[in-house]
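# Overview (structure and organization)
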Amino acid sequence: VMRRNPFGMDICCRKGSRSPLQELYNPTQLSNTAILHQIRRDQVTDTCRANSVSSRKRRVLTPNDLKHLVVDEDHEMIYCYVPKVACTNWKRVMMVLTGRGKYSDPMEIPANEAHVSSNLKTLNQYSIPEINHRLKNYMKFLFVREPFERLVSAYRNKFTQKYNTSFHKRYGTKIVRRQRKNATQEALRKGDDVKFEEFVAYLIDPHTQREEPFNEHWQTVYSLCHPCHIHYDLIGKYETLEEDSNYVLQLAGVGNYLKFPTYAKSTRTTDEMTTEFFQNISSLHQTQLYEVYKLDFLMFNYSVPSYLKLE
C-alpha cells in the first residue's frame, strides 16, 4: 500500500524478514482481526477525507506535534499515548519493551514512574530525517475510547480527587472564576470543587480555545495524535483493550512472553456513569460539546450517545 505521509514521502513495505507491518498488511492467514483493523484504518482515512477542510488546517507537523509518540527502537514501533485510555499501562509495557531487560513485569513499575518523560523516548527528540524514517518504517499504533466516557473519566480523576491540587490550582480556579457567578473567595483560591457542568462550559467557551490548547487529558485524540497526517497501522479500542493490546504485542513478536496487564479497576468510568453526568447538561451545551469532539466520534466509529439531547 503506497501512502503519502505528512513529510511528503511515500510509505511502502520493508524487505527482508517479515516485519510487524508485513504481518499486519499481508497476514500469513487472513484473520477477522486483520480485517477489523483494516476497517478501522479505512474509517479514519474516510473521515479525514470527508472533513479535509477542518482536519488538514496545518499541512506540516512540527516536532512539537510529535511529543505523544513514544518510540521503541528495538521492535520498530511507535505508540501515540492518549491520557485516560490505558496510557499508564501502555507506557509501562513500552518501558518493558525498551528497557533491554531492566523490567520484565509492567505492573512492577509504579504508575508515577511510567509518566516520567525521561523513561521513554518520544519522536520529537529526533532529527527530521530520523523522524521521517521512523514514520515510514515503524509500526504505528494508538488506543482510543468513547470520547465522552474519556471526558468524564478525566473530569473525575482531575477535579474530584482531593490529591490533584495542581489541577485544581491551574484549571479549577480558572474554571470557577469564569463559569461560577458569586463564587466564594475560598473556591476562587482552591478551585477544588468544579462541577461537571462548569467543566463543560469551560470546554465550549471560545475563550478557552483561543487562550491555550486543551490539557492532554481532555484534548481530542485527533489533536494529540494527528491521525489525518500520520497513518496509524493499528487503532486499538479501550472497549476491546485486552484483545487489541495483545494483538499489538503478538505483531511485535513479544506476545509469547509479554501480555498486556489486565485488572479491572473498580472505579473505572462506565457508560452508565457518563449518562448520569450528562443529565444536567443543557441540550445546547451538549450540542456544542459534541461539535468539539465530533471528529473523534466519527473517526473512530463511535455513534452519537443515546443519552444526548442534541439541538
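Residues numbered from 1 in each chain as written. Predicted model: local features only at pLDDT ≥ 70, side-chain atom pairs only at ≥ 80, totals over all residues. Heavy atoms only, no water.

### Quick word on the domain arrangement of the protein
Here the protein is described as being made up of domain 1 (20-146 + 218-267) and domain 2 (148-214 + 269-292). At the junction of the two partners, domain 1 supplies 13 residues and domain 2 supplies 19 residues. Contact between domain 1 and domain 2 buries roughly 1400 Å² in total, counting both sides, with carbon and sulfur atoms accounting for 54%. Remark: the boundary between domain 1 and domain 2 carries 1 salt bridge. The salt bridge partner of Glu149 is Arg145, with a shortest N-O separation of 3.2 Å. (Domains from an automatic or database assignment. Contact = heavy atoms within 4.5 Å. Buried area = accessible area lost by both parts, 1.4 Å probe. Salt bridge = Lys/Arg side-chain N within 4 Å of Asp/Glu carboxyl O.)

### Examining the state of the cysteines
As used here, a disulfide is simply a covalent bond connecting the sulfur atoms of two cysteines. Within this structure, the stated rule accounts for 2 disulfides. Covalently, Cys48 is tied to Cys228 through a disulfide, its sulfur atoms 2.0 Å apart. Disulfide Cys48 to Cys228: torsion about the S-S bond roughly -90 degrees, handedness left-handed. In this pair, Cys48 is assigned in helix α2 (residues 32-50) and Cys228 in the loop between α12 (221-225) and β7 (234-237), connecting sequence segments 180 residues apart. The disulfide partner of Cys80 is Cys225, and the gap between their sulfur atoms is 2.0 Å. Classification of the bridge connecting Cys80 and Cys225 rests on its S-S torsion, roughly -90 degrees, and on that basis the disulfide is left-handed. Taken together, the residues span a long stretch of sequence, with Cys80 in strand β4 (residues 77-80) and Cys225 in helix α12 at a distance of 145 residues. (Disulfide = S-S within 2.5 Å. Helix = DSSP H or I, 4+ residues; strand = E, 2+ residues; numbered from the N terminus.)

### As for the side chain of Arg145
When you line up the elements, Arg145 lands in the loop between β6 (139-144) and α7 (147-159). Reaching out from Arg145, the side chain makes a polar contact with the backbone oxygen of Lys84 at a distance of 2.7 Å. Looking at Arg145, its side chain comes within polar contact range of the side chain of Glu149, at 3.2 Å. Those residues in contact with Arg145, other than ones at most four positions away along the chain, are Lys84, Val85, Arg150, Ser153, Tyr238, Glu239, Arg268, Thr269 and Tyr302. (Polar contact = N/O pair within 3.5 Å; in protein donor to acceptor, adjacent residues only side chain to side chain.)

### Considering the packing of helix α8 (residues 165-179) against helix α10 (residues 196-204)
For any two helices packed against each other, one specifies the inter-axial angle together with the distance between the axes. Relative orientation of the contacting elements α8 and α10 amounts to 85 degrees, with a least axis distance of 10 Å. Our classification of the angle between α8 and α10 gives roughly perpendicular. On the side of α8, the interface is formed by Tyr171, Lys174, Ile175, Arg178 and Gln179, while α10 contributes Glu198, Phe199, Ala201 and Tyr202. Across the contact of α8 with α10, the residue classes break down as 5 nonpolar, 1 polar and 3 charged. (Axes fitted to C-alpha atoms, helices over the stretch in contact; angles between N-to-C directions. Parallel < 35°, antiparallel > 145°, perpendicular 65-115°, else oblique. Nonpolar A, V, L, I, M, F, W, Y, C, P; charged D, E, K, R; others polar.)

### Overview of the side chain of Glu146
Mapped onto the secondary structure, Glu146 falls in the loop between β6 and α7. Buried and unpaired, Glu146 has no salt bridge, with Arg145 as the nearest side chain of opposite charge at 7.2 Å. At 3.0 Å, the side chain of Glu146 forms a polar contact with the backbone nitrogen of Phe148. (Buried < 20%, exposed > 50% of the residue type's maximum accessible area, 1.4 Å probe, protein only. Lys, Arg positive; Asp, Glu negative; His and termini not counted.)

### Notes on a nonpolar patch on the surface
Taken together, the side chains of Leu30, Ile35 and Ile39 present a nonpolar region at the surface, about 310 Å² in accessible area. Checked against the element boundaries, Leu30 lands in the loop between α1 (20-25) and α2. On the accessibility criterion, Leu30 (65% relative accessible area) is exposed. (Patch = residues over 30% accessible without salt bridge, like charges linked within 9 Å, V, L, I, M, F, W, Y side chains within 5 Å. Areas by Shrake-Rupley, 256 points an atom, 1.4 Å probe, with all protein chains shown as cover.)

### Concerning unusual backbone geometry
Despite not being glycine, Glu76 has its phi angle at roughly 55 degrees, a positive value. Looking at the secondary structure, you find Glu76 in the loop between β3 (69-72) and β4. Within the chain, Lys84 stands out as a residue other than glycine whose phi angle is a positive 75 degrees. With respect to the helices, strands and loops of the structure, Lys84 is situated in the loop between β4 and α4 (87-98).

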